[in-house]
Amino acid sequence: MVVRCRTIGLVAVERSDPITLFARMPKAELHLHLDGSLRPATAFELARQRGLDDGMDLAGITARLQAPAQTASQAELLQAFELPIALLQDEEALYRVAYELIEDVAQDGTRYVEVRWGPLLHVMSGLDLTAGITAVVAGTNDASSATGVVARLIAVAIRSHPPDANTVMARVAAGFRDRGLTGFDLAGPEEAFPDPLAHARSFEIAREGGLGITIHAGEWGGADQVRRSLEAVDPSRIAHGARAADDASLMAELA
């Protein structure tokens, strides 16, 4: 491909294909899930090491990591997270995947990224909660130092988890604020667990600990569910919130 340059003042502007141009542009990414971003090759290696490959080859693992382009429900979408969560049940795996994710976004031209994950999803095999968070924080910070990407972490409470467990997680997460864990979120099966006020104390603890507040809302239930979340926990951000588009007054309030 021939690349032509024109000069505007002292700035040279390359005329190239859009994909190349977009890849080179510095970018920020504010909504990235750790357990939704594994490299297929890494997932395949972890699955074989941990006896979770079920005889699948790399292509099979890759297919398991990808949700359909269109799903019938949020619950169907969440099925794509089942294998990654099963693989990320020890410090080594959490550190590696966190490190690799920052490497990957650096290759995309991302200069600032916020990565979120549910710490309590990764203690099902006995991993200590603090140790699990420490592994993600360490992998993120080490990769940030190596790549120059500014990275921040958001700890996600899960709607289906007991509120008391989420309060413990919020308190532990807030203890990592000086190491780049700067946000607190709520996500998970919204239809089955629609009321964010069940976890009000977790949000209070996170806010008192200096964490920024965001919440997944409107993945089910329409614009009213988005408004309900705004009123319940007063977040700085709504994650997703697509159904807010059904309500013009809500859209104006969000803007």
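We now turn to the structure provided with this report. Quick caveat: nothing in here was measured; it's all calculated off a predicted structure.

### Some words on the sheet that holds strand β7 (residues 212-217)
- The parallel open sheet is built from six strands, whose spatial order is β3-β4-β5-β6-β7-β8. Of all strands in the sheet, those bounded by a partner on one side alone are β3 (27-33) and β8 (237-240). Pairwise comparison of adjacent strand axes, ignoring direction, gives a mean angle of 25° for this sheet.
- Looking at chain direction, β3 and strand β4 (residues 110-117) are connected through five bridges and run parallel. Each bridged residue has a counterpart across the sheet, and for Lys27 the counterpart in β4 is Thr110.
- Relative to strand β5 (residues 150-158), helix α7 (residues 129-147) is tilted by about 160°, and along the sheet it contacts β4, β5 and β6 (181-187).
- Strands β7 and β8 of the sheet are contacted by helix α10 (residues 223-233), whose axis makes an angle of about 155° with β7.

### Let's talk about the pattern of salt bridges
- Across all of its chains, the model carries 16 salt bridges by this definition.
- Residue Glu103 pairs with Arg39 through a salt bridge whose shortest N-O separation is 3.1 Å. Of this pair, Glu103 sits in helix α6 (residues 91-107) while Arg39 is found in the loop between β3 and α2 (40-49), placing the two residues 64 residues apart along the sequence.
- Accessibility expressed as a relative area gives 29% for Glu103, which makes it partly exposed.

About the cut-offs
Residues numbered from 1 in each chain as written. Predicted model: local features only at pLDDT ≥ 70, side-chain atom pairs only at ≥ 80, totals over all residues. Heavy atoms only, no water. Pairing = 2+ DSSP bridges. Helix = DSSP H or I, 4+ residues; strand = E, 2+ residues; numbered from the N terminus. Axes fitted to C-alpha atoms, helices over the stretch in contact; angles between N-to-C directions. Contact = heavy atoms within 4.5 Å. Salt bridge = Lys/Arg side-chain N within 4 Å of Asp/Glu carboxyl O. Buried < 20%, exposed > 50% of the residue type's maximum accessible area, 1.4 Å probe, protein only.

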